[in-house]
Each structure stands twice: as C-alpha cells, then as structure tokens.
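Per-entry structural report
Read off the chains here:
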Amino acid sequence: MSVLTSRLDTSAAEYGARRAAMLAKLAELTAEQDKAVAGGGQKYVDRHRTRGKLLARERIELLVDPDSPFLELSPLAAWGSDFPVGASVVTGLGVVEGVECVIVANDPTVRGGASNPWTLRKTLRAADIALENRLPLINLVESGGADLPTQKEIFIPGGRIFRDLTRLSAAGIPTIALVFGNSTAGGAYVPGMSDHVVMVRDRAKVFLGGPPLVKMATGEDADDESLGGAGMHARDSGLADYLAADEHDALRIGRRIVRRLNWRKLGRVPEPATAPRHDEDELLGIVPEDLRVPFDPREVIARIVDGSDFDEFKPLYGASLVTGWANLHGYPIGVLANAQGVLFGAEAQKAAQFIQLANQSRTPLLFLQNTTGYMVGKEYERSGIIKHGSMMINAVANSTVPHLTVVMGASYGAGNYGMCGRAYDPRFLFAWPSAKSAVMGPVQLAGVLSIVGRAAAEARGQVYDEEGDAAMRAMVEAQIEAESMPFFLSGRLYDDGVIDPRDTRTVVGLCLSAINNAAEPAPAGFGVFRM
Amino acid sequence: MTVRRLLVANRGEIARRVFRTCRDLGIETVAVFTAADAAAPHVAEADHAVRLGDGSPKGYLDIGLVIEAARVSGADAVHPGYGFLSENAEFATAVLDAGLTWIGPPPEAIEAMGSKIEAKALMAEAGVPVLPTLSEDDAGPFLVKASAGGGGRGMRIVADPAGLAEALESAAREAEAAFGDGSVFVERLLPDARHIEVQILADGHGTVWALGERECSIQRRHQKVVEEAPSPAVTPELRRELAEAATNAARAIGYRGAGTVEFLLADGSFYFLETNTRLQVEHPVTESVYGVDLVRLQIEIAEGAALPGLPPSPVGHAIEVRLYAEDPAQDWRPGSGPLHRFEIPGVESEFTVSALRLDSGVRDGSEIGTHYDPMLAKLISYAPNREAAARRLATALAGARIHGPATNRDLLVNVLRHPEFRAGTTDTGFLDRHAPTEPLADETAVRLSALAAALARAAANRAAAKVLGGLPSGWRNVPSQPQQAAFAELTVSYRLTRDGLDYPDVTLVSADPAQVVLDVGGVRRAFDVADYPGATYVDSALGSVRLTPLDRLPEPVEQVAPGSLPAPMPGTVLRVEVKAGDPVSQGQPVVVLEAMKMEHRILAPAEGVVAELNVAVGDHVEGGAVLAVIQKGE
C-alpha cells in the first residue's frame, strides 16, 4: 500500500473560494443540462404526453435496470449553435438486464425529433463508443427525419448512421431498434439495419415514402398504416420481429431481447474495490480559479482511486508530470497527470516510457489534464523539446490500451495532444467545469497577434494603432476565452460531457467497466524503450 | 391402563399441544394427516404419522380411517382434540370398541350433551339456570340455534317474530348440511349478554373440579376471538354460584374428563347455554391461572387416576387471542397461500404456561389452505393483573412478523387496547358495535414503509447487479426524474444523491436489503423489509404493512371479454354450428375455420349460451379476431 496523504487545507480561505467558484460553475452546468432535459419545451412535452407517449428520458429510465447508474453522453451537444441544447437526441451508457449498452433515444418533443448536424455528430459518437467498446446498441426511435434546411450538413455524412449499424452487427455487436413512432425515409433504415426490431402497435410508422410521395411517384392511394404500420411490418413485411402492444410493452420486449443476447464481457473482471480514503467532495476545492496557479494532481488522484492507493512511477524524474499505478472501482489503471502545467523534455520521455509500460501490462490509462503545453524557448528547442514531445505524442497515438481523459484545468497547445486530447481518440473524454482548451491562452494568443501586427505595421513604416490594438486584444481575448470554455467545446462534441468533479470516480469507473466488454487489445510490436 | 402410544385425531396446534404433554409424560405420539397436511408441523413432530386413507381433506372426520390409523400405528389411546370428531359419541364408542383408551368423557355424556335441546331440558331438571321457554307474546329478538351445532353454524339472529319462519328453515338447512341433523330451536336473544364458561374436570372416582370461569365475550359471528380468565364481570359470589351450577351439570350427566359448561351472563343472572364435552380451544388461560396441564389431567383421568380433593387456587390473569388468517376489513374473508414467516417476539414458551405462550399450528413456510379452520395460532399472556396481561399481549402481537395471508392481528391489538375492553365492560355484541378494523399502520406509516421497501429493494438491486454494482444507486449525471418503486397501494418516488436521500422530511440513516433505518422528524425508526414473490412486508414500530409490488413493465393482457373465442389464425369461416342465444355444452363445435387447407374446429370452452356471434359462413377473419362469445352458465 502506498496511500496518498493529502495536504489540502479545507479550512483555508483559498479552498473555500475555489469550492465556491466550482459550485457556481456547476450551477451553470445544471442550468444548461436542464435545457436539454426540458426538450422541446412545456408545450411540446404536454402534447407528446397527451398522445399517451413517454418522453425520451422516461423511455430510457424504464429500459435500464432499476436503480442502476446511467451516464448520459454529450448532454450539451449543440450548445452555442442555432439548435437546442441536447441536439434532439439522448445518448448514454446504461445497464439493461445486467448488460452495459449504448442507448440512443430521439427526443420527439424537439422539432419532431428531427436530426440536425449536431444530432448526427452525437449519434455517430454513440455508435463509435458502441463499436470501440463492444457495447450493444439500442435505438429508441421516433424521429421526423432530417432537418431539411440543414440537409447539406446531414445527408451525405448521415449515411454513416446506417453503415455503423451494420458494421456493429458484423463485429458481433447486437443492434436493437425499438420503434415508438416515425421512422421514415432514411430513418426507415435504422430498423432496417438493426438485428432486432420491435414496433409499437398503432404508433410505429416505418416507410420509405409517405402517402403524398407515393401519390406523386406512382399515383397510388395509400395510408400511413398500410404503408408502414407496425402491424403490417410484423405480419406482412417482416421488418418488425415483435409487435408491442404499447410503449411499455416495447421496452419490456427490448429488455427480453437483451436478456437473450447471452452477453459475456470479454475483458477484465474487476477486483474488490474500496472507497478512496479522502473525501470526494473536496474535489470541488482543488482547482484554482486562475489556471495559471498550479495544483498538485495527487490531491485529485487521492480522491478518485481505490483506497487512495497510488504507486508513483519515476517520482523524482520529470516531476511536472505525475505517473503511477492504481485501481479504480477494481480496475487497474495507469495515471498520467500534469503537476506544474508545463511539459519539459524529461516529462515527455517519462510519459513515453510509462505509456509503453502500460501497454506491456495491458493496463488502461487515465490522463488527468492540466497542461499549458510543451516548454518553449531557446534552451528547450536546443535540447530537443520537439523531439521529446513527438516521442510522447507518438506513444499516445500508437498505444493500444484504452485511454480515458479528464480535462481538469488547462489543456493548451500540443499538451492537449500529448495528454490524449480528443484527436487522439481516448475511449472517453470528460471535462470539469474548470477546464479550458485552446491552442494557447487567450492573453498569449491576443499578445501574439498584437506583436505580429505591430511588426507588420513597422515593416510597412506605419504607426501602429495602439488604441485599435487594445480593442483587438480585448476582443480576441474575449473570443478565445469563450471558445476555450467547456460548454462551448462540449457543444461541439469535443468531449463526451462536462462532469461534476465529485462524479469523476463514478464516471471513470463506469467507463472502465464499459471498456471491458471488449477483449483486451493486442500489444504493439516493440519492447519498452528506456527513456 | 397406562397409555403408551397416543394418537391425536386432529391437526394443527391442538395436535401439537397434546403431543407436548405426551412428551412430558413419556408417551409416544401418533399423528394422522390428510394430503393437504402432509407437510404440516404436527406430522413432522410426531413419533409416528399415518395418512388417512387416500388423503382426502375430509379424512379427519372419517371414524373408520382414524380407528384404522390407530390400529396400524399400534396406538393404545386416542385424543380427539377439539372440533372434528371430538364431540362425536359414535367415534368415542368406536375407539372404546377397538380396545383403545378414549381421552374424553363417556359416550353417553357426549350423547346427552350433543343435542342442545335435550341438554337444556336435562340441565333445567338438575337445577341449573336455563333461559325461559318462549311465550306467544315474545317480541324478539330471537336466536335460532342448531341443536347439534357449534362454531356459529346453523345459527340465526332474528329481530322480530315475522322473520322467524324463514330463519328456522335456512338454519335447519345449514345444520343438516353441517351436522347431519336439521333440528333447530329458538331462544330469546340476550343482546348485552356476556359469554362466561366454567372449566370442569371430573375423575372416575366422584371428584368434580370447577376450575373457575373464562370469559369469551369478544366474538365475531359466534366465533370466539379473545378469551380470558378470570372474567372481570364475575364477583366471588357469582363465581361460587357458577362453579356450583357447572359441577351440578357435570354430575347430572355422569361426566368424566375435561369439559366446559357455557353460560350467558346478563344483568347479574346467568343461564345455561351448552356443555362442550371436550378440551376447549381457550383452555390455556385456565392452565395459566390455575397452574395446571389440562391435557395431562385428561390423560391421567383416562388412565384411572383420581383428582386431589380440592382444585388449586387461581393466581393472576391470563388472556388469549386467536390469530386467524382472516381479513376483518374484507368481511373476514379467509386467506390462503404461503405463510413465509411467522414470528412473535418475546414468546417464552410453546404449549406450556408462561408469561407469553404460543400455541401454533404453523411455522415459517407453512401453506395456509382452504380446507380447514383458518386459525393460525393462539397467543396467551399471563401476568399478575389484567392490565399487564393485555399490554403484554397487544405489544407482542403488534410486533409480530406475519408474512403471509391477511390476518386479524391488527384487530386483536385494537381490541386489547380498546377502552371498553380495558374497562372490562365488553359483551358479545362488542365486535358488531365497534369492529375496530382500522390497521395499526396509519397513512404515514404506510408511506414510510413503502419508502423503506423501495430503498431496501434499491439496495438489493445494487447488491445483485452483475455490472457496476459498486456505483451509487440510481446515479445520473443528468437527473431528469426520480427513482420509482410502484406498489399496488402507492408509488414511491425518491432519489439517492451524493447528499443522501432526496425525500421530504426524511433522512436516510442506512439501507440494506433487509432493513432500512430512516430519521423522520428527529426520530430514528427501523423498518424491516422482507420481499417475497408478489408481496413485500414491512414491519416497524409504526405497524406492519403489506405491499404488492407492481411490475414496471407488465406483460400486456389481452383485453377480451371472458368466454371470447378468438380465431387461432387467419382463415375463412367454413361453417357456423350455432345461432346466437343457443345453449352450448363444453366441447361443442361453435365455428369451423378453414385456414391453410386445414379445418380448425373452434369449441365451446364451457357450458353456456352463445352471447355473441360475430361471423358468418364465408367471412375472412384475422388471427385473434373474436369469433363468438360464450357466456358461462350460472
């Protein structure tokens, strides 16, 4: 046992201030998530209910095992866009009959559940998660199809939806469609491409062309039910495997289908877990409001890993990056966490070695990001910071063990890459409300623009407009600041959600369990390079 | 004539009661049983057990089978218990004729008391007070009774002379069916009377004891529910008079063994009601107060022993309640089904005198059937005074874990705590007037119990989870609605958050699948939760609550009228064999359907009438379409 001790002084004013700031951000997060939960608003929710229908999240609650956890993914999708927060679809990881599944539920109260570009990205992300982690995919279908004004953003890339479904199936990952309502035109291929299809009697409507289109195309008179009713599909076309009496029955059948998948997880079985010795609640008071002030990530590790038990690797070498081994909810993990923000050559080499060691022992990696990037300056360039940074990025990019990333604070520059940012395909990536990501800090970025502008003016022999420069800097700073914020980035699907720091252990534990549905990946080809 | 191996021609608690004394005396025990009782406790604990014939439920009433059981088991004595053949002179004679010792009075005494009409005449002759004969101008109310009756059957209350004829007729019919003797008689009904009875014990040597009185006024439909000794209404003077009358009665019929003389007490006068020539259900209260074992005395008397000259003196107060699998709130409907758990806290003894005595015919896992009396057990408290005995009994009952069919437990507790009972002023009309059927658990208790049940189930769900069992219950990063547990009685909505239970005015202290501790308004309360298929029981100091968990996603039930005949598959109607309104017998063809070149005959499921006919020859029908509806004959 190498139990971490905490130096966090919870009675200090600094702790109180950090905690208060974090709680304020969490209140904003809740407010934004509430917008997604509210769906299309009271009017459309009421209309949906008067039709005797369940809301998307109600369907999910009934589908998953009672009292089991459910991790909603990308709840802030479309934040900052022209479309409602949540992107008219709910996706997440839930447990159905003891099987971890990816669940995708259209929210028909938002513009009829129509897909917009963000809906598409959110849905595709869910399918990726299902494929990478070998998780059965359950679609709760009720969608009016594509949002026609933005069809150019949807139509061509949207074909992936159907390709993903059948590729999942080809990979041995079951796909289930419970059709509650409209699933027409392109949407008809969701049940079409699924392994198991349930349709709700008198509600499901699945056809390629509706009555008006059929009339225009062939002159035939037809009604919804004869073109695509659940009864027709169950009796005649065979597109529906099960005819459900109502929505509850469809969910019941869906659960029975999952039960009969005879699912077996192929990965590691967790060891017994003990709670951290330090209070998770104190995670609220660790990250400084000003991200220029560093914090010790061991305070975070001590509050998320089993028994606060952490075996640190190379503690004396490259001290600005903390690396080490721990268990989380019984699953072994390797942790990489930024300590002083900056990554130097030693840190990069240490990271590269550690990642190789993790690959050697098939241990998943957890990246805890708070980095301002790789060190710049003459001395560092000369000592090969690019080479070392590349080494680390190379290791991250080609590591085959599952990666999980949590952005606690700063995530700037190539540090974002080396610490397994979105582009490096971690299995899951979550951000704390205190996170910020950009190519560099807003002040630095504005300053760089100012220096470049001043140099250009001087080269042209002009007098630099100092007033204009100040306004430009303020504007750029504000814009970069806004675009570095977690809601904005989450809205663009650059993470899988903004989470409460106190939920970190739960979220990571849930993801580790999900990951282990797939077999452990095969190791890469080289021995470990000593750095 | 020492008894070596004794057969009890009975079941349930009384069989076990007799066995207990046999064990004390070193007598081997023989149980008899029917198929329904094959797994009953009385069978398991006997040294020998004999199935009665083919196991038919009426076996306990079959004299030949019981005598045969005694023969094959090598029994040398028979105890009849109460009920069944206990007051059947023919049975007593058969036992004696088989050369066995009969633990009971002489058949002649049974015979003499068997007819209430004749018994009454006999008692009047012996100087025992009886109700006066009716005269022409009696205005009522009246009580019609079966001469051979017992247990309230063949009994009718009639308000005025106009209703008498009809009551006599129906009572006679019921008596004929129940006892094989349709004789009935009429007495004046004493509405405010108390039921007082005297325990008699007579040996074969001329000694007759009167072991004081028992009061059994708390009755529902003439079935005793609460009994006690002594009676709060009996003065020492009255006690002496009652003892004398009972002793006279016993002597008048040459009684031997244990018996009971029942009286009605009204306005300070008492009237002979009937004599029960057997051990009474409520005998334990007398045993407590007199410190005797009546079954032991019965056996010893049958063996020829003599009673000491004077009976022991009474000490203290004893109260018995009869716990029935009957729901007082549902018109006393008897319940049946598994009794998962039966546990009464603080019981000090079973079948022997103590401060809290349990005489039970059931145990955890017993199946409560419909063939026999729904009494589960008797609970008897014994204390220096009446108040203390009532308090002990009520508290023990209230805390009992009874997980099975609905019982009269709450009613019994309500009676024991009722001011009228505590004042000792109850009469036989008490339950008709009050019927305190309100459950001990009030609305708040039910709500909290359901919450506890929901939280216990959540804990069980987490413990049983195949994956993610270590994560917080019902955890959500985006909470949109509460966790829910639906019961037929009410639905519980709650959410477990990092700050604990999100539920108004309740703090969760701890929850595991079997127990939930809640802090409600500063008071900690423990709720014990037990889950069984189709029922959840929550026991707490607030009362016991039974909940019926509802399936979250029930299988849909086809909404078709009973008796509907659906088409088994799509097809064409080939023939229609009936017309609407036709009577049909079971299995009679109604419609013949042709489908896939096969003829399918749709048959009437039961005898009845064609209430609906929806098809004609040549019709094409969908699978599941209702072809016809047969209304079952009454």
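Residues numbered from 1 in each chain as written. Chains lettered and ligands numbered in written order. Predicted model: local features only at pLDDT ≥ 70, side-chain atom pairs only at ≥ 80, totals over all residues. Heavy atoms only, no water.

An unreviewed UniProt entry lists chain A under the name Acetyl-CoA carboxylase carboxyltransferase subunit, from Acrocarpospora corrugata.

1. Let's talk about the overall build of chain B
The helix and strand inventory of chain B stands at 15 helices and 39 strands. The proportion of buried residues among the 634 residues of chain B is 52%. Contacts in chain B between residues at least 24 apart in sequence constitute 62% of all its contacts with a sequence separation of at least 6. Carbon and sulfur atoms form 51% of the exposed surface of chain B, whose accessible area is close to 27,200 Å². Of the side chains in chain B, 58 bear a positive and 85 a negative charge, and the two mean positions are spaced by 6 Å. (Helix = DSSP H or I, 4+ residues; strand = E, 2+ residues; numbered from the N terminus. Buried < 20%, exposed > 50% of the residue type's maximum accessible area, 1.4 Å probe, protein only. Contact = heavy atoms within 4.5 Å. Areas by Shrake-Rupley, 256 points an atom, 1.4 Å probe, with all protein chains shown as cover. Lys, Arg positive; Asp, Glu negative; His and termini not counted. Charge placed at Lys NZ, Arg CZ, Asp CG, Glu CD.)

2. Considerations on the confidence of the model for chain B
Atom-level detail of predicted coordinates should not be read off regions where pLDDT is low. In this model, chain B carries an average pLDDT of 92, and 98% of its residues clear a pLDDT of 70 or more. Among the scores for the predicted complex, ipTM is 0.95 and pTM is 0.87. (pLDDT = per-residue confidence, 0-100.)

3. A closer look at the UniProt feature "domain: CoA carboxyltransferase C-terminal" (unreviewed entry) in chain A
Taken from the UniProt record, the annotation "domain: CoA carboxyltransferase C-terminal" (unreviewed entry) applies to residues 279-531 of chain A. Here residues 279-531 of chain A is 39% helix and 19% strand, with 36 Å between the C-alpha atoms at its ends. (UniProt positions renumbered as here; feature names shortened; annotations may be inferred.)

4. Concerning the domain arrangement of chain A
By convention, interface size is frequently given as the accessible area that disappears when the constituent parts associate. You can read the domains of chain A as domain 1 (1-38 + 268-435 + 498-530), domain 2 (40-259) and domain 3 (440-484). Computed over C-alpha atoms only, the centres of domain 2 of chain A and domain 3 of chain A are separated by 48 Å. (Domains from an automatic or database assignment.)

5. Some points on the interface of chain B and chain A
In this complex, chain B contributes 28 residues to the contact, which on the side of chain A involves 37 residues. Summing the contributions of chain B and of chain A, the shared interface buries around 2,900 Å²; its carbon and sulfur component is 55%. Summed over the three residues of chain B that lose the most area to chain A, namely Trp 475, Arg 552 and Leu 553 of chain B, the buried surface amounts to 24% of that side. Taken together, chain B and chain A are joined by three salt bridges. Of the charged contacts in the structure, one is a salt bridge between Asp 500 of chain A and Arg 498 of chain B, with a shortest N-O distance of 3.2 Å. (Buried area = accessible area lost by both parts, 1.4 Å probe. Salt bridge = Lys/Arg side-chain N within 4 Å of Asp/Glu carboxyl O.)

6. Looking at the environment of Val 609 of chain B
Residues and elements named next belong to chain B. Positionally, Val 609 belongs in strand S37 (residues 608-613). Along the sequence, Val 609 and Gly 581 sit 28 residues apart, while their C-alpha atoms lie 5.8 Å from each other. Beyond its immediate chain neighbours, meaning those up to four positions away, Val 609 contacts Gly 581, Asp 582, Pro 583, Val 584, Val 629, Ile 630 and Gln 631.

7. Describing the packing of aromatic side chains
Residue and element names in this part refer to chain A. One pass over the structure, following the stated rule, counts 13 aromatic pairs over all chains. Ring geometry for Phe 344 against Tyr 380: centres 5.6 Å apart, planes inclined by 50°, an arrangement best described as tilted. With Phe 344 in the loop between strand S11 (342-343) and helix H12 (345-360) and Tyr 380 in helix H13 (residues 378-382), the pair connects residues that are 36 residues apart, well separated along the chain. Here Phe 344 falls in the partly exposed class, since its relative accessible area comes to 25%. Tyr 380 sits in the partly exposed class, given a relative accessible area of 23%. Ring centres 5.7 Å apart and planes at 35° place the aromatic pair Tyr 417 and Tyr 424 in the tilted group. (Phe/Tyr/Trp six-rings, centres within 6.5 Å; stacked < 30°, edge-to-face > 60°.)

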